[in-house]
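Coordinates in review
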Amino acid sequence: MKDIQQHAISPDDWDEMNFPRPEVQGFDAVVEEAISRRGFMGGVLAFGSGAAVMGTSMLKGTTAIAGQSDRFAFEQLPVQTDNTVHVPEGYTWDVLVRWGDPLFSDAPAFDPATGVPTAGSDRVFGENTDGMELFKVGNHELLVVNSEYVNPKLNLAETEDGMPTSAEDVLRLQNFQGVSVMEITEGENGWEVVVDSPFNRRIHHNTPMVIDGPAAGHDLLKTEADPSGTQSLGTFNNCGSGRTPWGTYLTCEENFNGYFGTTEEPALDDVHVAGFSRYGVNMEVDTNRYNYHGFDPRFDISKNPNEPHRAGYIVEIDPANPDSTPVKHTALGRFKHENAAYALAPDGRVVVYMGDDERGEFMYKWLSRDKYVPGGDTSTLLSEGQLHVARFNADMSGEWVALTPSATGMSEAEIAIFSRMAASELGATTMDRPEWIAVNPTAVEGYCCLTNNRNRGVKPNAGGDPTPANGPNPREVNNYGQIVRWRPSGDNHASNTFEWDLYVMAGNPTNQEGPYQGSANINAGNMFNSPDGMQFDTTGIMWIQTDGNDSNEDEFEGMGNNQMLAGDPVTGEIRRFLTGPTGSEVTGLTWSSDRRTMFVGIQHPGDDGGDWPDHGGSLARSAIIAVKRVDGALVG
Ligand code: FEO
Ligand code: CA
Ligand code: CA
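Residues numbered from 1 in each chain as written. Chains lettered and ligands numbered in written order. Predicted model: local features only at pLDDT ≥ 70, side-chain atom pairs only at ≥ 80, totals over all residues. Heavy atoms only, no water.

Along the protein chain, the regular secondary structure elements total eight helices and 28 strands. The 636 residues of the protein chain split such that 62% are buried. Within the protein chain, counting contacts between residues at least 6 apart in sequence, those at least 24 apart form 65% of the total. Total accessible area on the protein chain stands at roughly 21,400 Å², and carbon and sulfur atoms take up 48% of it. (Helix = DSSP H or I, 4+ residues; strand = E, 2+ residues; numbered from the N terminus. Buried < 20%, exposed > 50% of the residue type's maximum accessible area, 1.4 Å probe, protein only. Contact = heavy atoms within 4.5 Å. Areas by Shrake-Rupley, 256 points an atom, 1.4 Å probe, with all protein chains shown as cover.)

Attention now goes to the coordination of the calcium ion (ligand 2). Octahedral metals with six donors have ideal donor angles of 90 or 180 degrees. Tetrahedral metals with four donors have an ideal donor angle of 109.5 degrees. Coordination of the calcium ion (ligand 2) by the protein comes from E338 (OE), E435 (OE), D532 (OD) and D532 (OD), over a distance range of 2.3 to 2.7 Å. Judged by relative accessible area, which is 1%, E338 ranks as buried. Here D532 falls in the buried class, since its relative accessible area comes to 1%. (Donors = N, O, S within 2.8 Å, 3.2 Å for Na, K, Ca; no water.)

Okay, helix α4 (residues 167-175) next. Side chains that are three or four residues apart share a direction in an α-helix, a result of its 3.6 residues per turn. Among the residues of α4, those classed as buried are D169, V170, R172, L173, Q174 and N175. Buried positions along α4 lie against α3 (152-155) and β6 (201-203).

Further remarks concern the coordination of the calcium ion (ligand 3). The calcium ion (ligand 3) binds to the protein through E435 (OE), D532 (OD) and D547 (OD), with metal-donor distances spanning 2.3 to 2.4 Å. Here the donor residues of the calcium ion (ligand 3) are spaced in sequence according to E-x96-D-x14-D. Separating the calcium ion (ligand 3) from the calcium ion (ligand 2) is a gap of 3.9 Å, which E435 spans by donating to each of them. Taken together, the positions of D532 in strand β22 (residues 531-536) and D547 in the loop between β23 (542-546) and β24 (563-567) put the pair 15 residues apart, joining distant regions of the chain. The same class applies to D532 and to D547, which are both buried.

This next bit is on the sheet that holds β22. In spatial order, the strands read β22-β23-β24-β25; together these four strands make up an open sheet with antiparallel pairing. Whereas interior strands pair on both sides, the edge strands pair on one side only; in this sheet they are β22 and β25 (574-579). Geometrically, the sheet is characterised by an average inter-axis angle of 25 degrees between neighbouring strands, direction not taken into account. Note: β23 against β24, four bridges, orientation antiparallel. Within β24, the position partnered with W543 by the bridge is A566. (Pairing = 2+ DSSP bridges. Axes fitted to C-alpha atoms, helices over the stretch in contact; angles between N-to-C directions.)

The next thing to look at is the nonpolar core. Grouped together as the largest cluster of nonpolar side chains are 63 residues, with contacts concentrated most on M354, Y364 and L403. Among the elements of the structure, α4, β10 (249-253), α5 (270-279), β14 (349-356), β15 (363-371), β16 (385-392), α7 (412-417) and α8 (419-425) are those that each provide at least two residues to this core. With residues near it in sequence (within four places) discarded, L403 still touches Y364, Q386, L387, H388, V389, T408, I415, A422, A423 and L426. (Core = buried A, V, L, I, M, F, W, Y, C linked by side-chain atoms within 4.5 Å.)

Glancing now at the sheet that holds strand β13 (residues 337-344). Pairing is antiparallel in the open sheet, where nine strands are placed in the order β13-β14-β15-β16-β17-β21-β20-β19-β18. At either margin of the open sheet sits one strand with a lone partner, and together these are β13 and β18 (434-439). Each adjacent strand pair in this sheet contributes to an overall mean axis angle of 30 degrees, direction not counted. Pairing geometry for strand β17 (residues 397-402) and strand β21 (residues 497-505), over three bridges, is antiparallel. Along β21, the bridge assignment pairs E399 with T497.

Okay, the pattern of salt bridges next. Per the stated rule, a full pass over the model turns up 32 salt bridges. Across the salt bridge formed by R278 and E361, the nearest N and O atoms sit 3.0 Å from each other. On the criterion of sequence distance, the pair formed by R278 in helix α5 and E361 in the loop between β14 and β15 is long-range, its members being 83 residues apart. For the pair formed by R278 and E361, the shared burial category is buried. Notably, a salt bridge pairs R456 with D432, separated by 2.7 Å at the nearest N-O pair. Here R456 is found in the loop between β19 (446-450) and β20 (482-488), whereas its partner D432 is found in the loop between α8 and β18, with 24 residues between them in sequence. Judged by its relative accessible area of 0%, D432 is buried. Through salt bridges with shared partners, a single network forms among R278, K336, D356, E358, E361, R420 and D465. (Salt bridge = Lys/Arg side-chain N within 4 Å of Asp/Glu carboxyl O.)

Every buried residue belonging to α5 is among H272, G275, F276, S277, R278 and Y279, and all of these are buried. For α5, the N-terminal capping position is held by D269, with its side-chain oxygen 3.2 Å away from the main-chain nitrogen of V271. Backbone geometry just after α5 places G280 at a positive phi near 75 degrees. (Polar contact = N/O pair within 3.5 Å; in protein donor to acceptor, adjacent residues only side chain to side chain.)

Moving on, we come to unusual backbone geometry. Of note, the bond from W612 into P613 is cis; its omega dihedral lies within 30 degrees of zero at 0 degrees. Residue position: P613 is located in the loop between β27 (597-603) and β28 (623-629). A positive phi angle, near 50 degrees, is found at N128, a position not held by glycine. Assignment of secondary structure puts N128 in the loop between β1 (91-98) and β2 (129-137).

What the rule picks out here adds up to 30 aromatic pairs. Here F135 and Y249 contribute two aromatic rings whose centre-to-centre distance is 6.3 Å and whose plane-to-plane angle is 80 degrees, an arrangement assigned as edge-to-face. Residue F135 is found in strand β2, and its partner Y249 is found in strand β10; the two are separated by 114 residues along the sequence. According to the relative accessible area criterion, Y249 is buried, its value standing at 0%. Ring centres of Y447 and Y503 lie 5.8 Å apart, and the angle between their planes is 80 degrees; on these two criteria the pair is classed as edge-to-face. (Phe/Tyr/Trp six-rings, centres within 6.5 Å; stacked < 30°, edge-to-face > 60°.)

With that out of the way, let us pick up the side chain of T430. Among the secondary structure elements, T430 is positioned in the loop between α8 and β18. With residues near it in sequence (within four places) discarded, T430 still touches G360, E361, F362, R456, N461, D465, P466, T467, N470 and N473.

What follows is about the pairing of strand β3 (residues 140-147). The element β3 is extensively covered by neighbouring structure, given that seven of its eight residues are classed as buried. Counted between consecutive antiparallel strands, the loop separating β2 from β3 contains two residues, among which G138 sits at a positive phi close to 60 degrees. As defined by bridge partners, β3 adjoins strand β4 (residues 178-187) across seven bridges and the pair is classed as antiparallel. Among the inter-strand pairings, V145 is bridged to a residue of β4, identified as S180.

The volume enclosed by the largest pocket comes to roughly 700 Å³. Along the walls of the largest pocket sit 36 residues, with R243, Y342, V439, Q535 and F536 positioned nearest its centre. Looking at the lining of the largest pocket, the elements that each hand over two or more residues are β2, β9 (238-243), β13, β18, β22 and β26 (585-591). Residue contributions to the lining of the largest pocket peak at six residues, all from β13. The residue inventory of the lining of the largest pocket, partitioned by class, reads 18 nonpolar, 13 polar and five charged. (1 Å grid on protein atoms, 1.4 Å probe; cavity = no way out; pocket = protein on both sides within 12 Å on 5 of 7 lines; lining within 4 Å. Points joined across faces, edges and corners; volume = space filled by probe spheres on them. Nonpolar A, V, L, I, M, F, W, Y, C, P; charged D, E, K, R; others polar.)

This part takes up the side chain of D300. Looking at the secondary structure, you find D300 in the loop between α5 and β11 (314-317). A relative accessible area of 1% means that D300 is categorised as buried. In this structure the side chain of D300 is engaged in a polar contact, spanning 2.5 Å, whose partner is the side chain of T263. With residues up to four places along the chain from it excluded, the contact list for D300 reads G261, T262, T263 and H293.

Structure below.
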């Protein structure tokens, strides 16, 4: 998501005020270290052309791809700056579902001027579509989709500046977020939602959840309404997605801190103050956010100081069972979860890679204690195991360091609730905002989008960890982002060591200098900034989605609107496939079970005052589009 415009002060700005600027450290040396070695596969280092971008050291030992035929089935789409979606020749797109479309026949009709009223706002497709996964249950195609946040100016269109004026307004915002489960089907008119399917379900900010894992029942999770500390309401800021081999959906709670506030000076102990500071929970009396706390005391930390400890987790949802209770898995840590990418170790243990999307925060790995056996008991796999954090070394090695009580001096429950502090104790590598992680289905390796970090080399993270330029984060004031890749030792995702390289450094080769031109696989034709969403298709092509600066000016000149590109992990080639409407972010990607349709999410299309996709002056509506080939061939 974008920085929330209506915040009086963003968590980053708050951070900036409260922590001093560290010394600038050996920038040039770190860049040289990161790019002067040959990578273990294609990408930055094995991609020959354009090596001048990085200096002559790039030319040594590189493998030119001239003469190779590429694996992409399309020609590169030029940059676009208009208010619609573009795909390459030979492809079509159509809207599957928009914010406010009915999931049930008793849902209110969408009004182009005012949207959806509060009554029935939990019966429609949610706002700001993000991560999604498709599940085939019997003959039913079930699409499970996150609704990350709201644009109050659109969602409370009749209010001044989108500020809630009542508990009813707050309830409407709460209902538009969370997760939508919906059956979809392809007919003569293309893909559409099966209204009233028994699988359809809205999970929102007031849906009952079970809390499990080491933090369940801990004093820091107990509230007046839930003295057990094991039953919470709602899932928050559902950003990226994940899935398990046993057919469940993982929704990832990211910027949960933004929903909390206080109506009076809160009386907080040191533990609460330290936690709220690290996670960006606002402790000042303030009505200038969503203002849930003004009308719903659950979000008022002066009245319910433990409520924020009940958000920030990975939540598991069973789409096949509409009556199931979602489970918050505290064992997988509490931070600003972007997505959850699973892999299976050769022995059957489950690995889940996760990023914490905040400047200077960390990358994590979960390793289950028990093995996944198809058809067997899966109830312990996300509850019993070990959380690790990544340490990247300058020599292009790295390790997953276990967050244990003996290593951190914290209890298992404290590690689960305050994972950031536990990771800081162990010297984890501060990253340039880890967004989506994807695991290659055709090679034993993982990738993480490090979207950008204007604070790299400028100031520490919220825990005071210094953030000098380092191995996989080699550029100070990094406005473009990069994708790091790691290959676990022994081709085993359960290994606690790995080798890494950079698959790409985004940049602008037309008007920048040095490393800000981007890596050798970036050129004037395919340049972009701020890689964010990422998924592999079954053929091993990596799809990269952007959430960046779409001004098309200055250092972003020539990059156009946010977009989706295809990357070849072997050759390093990257090619633009799709562009979004002005102001939007492209996020969320999955495929129909026959792989003939690609579903792509278009988030916050109205940010530049646009009216996509309805046009004609309608409120802008985030939407999922269905992309197909004209000849009906497979798309991944
Ligand atoms: Fe919700 Fe980090 O994107
Ligand atoms: Ca994102
Ligand atoms: Ca982003």
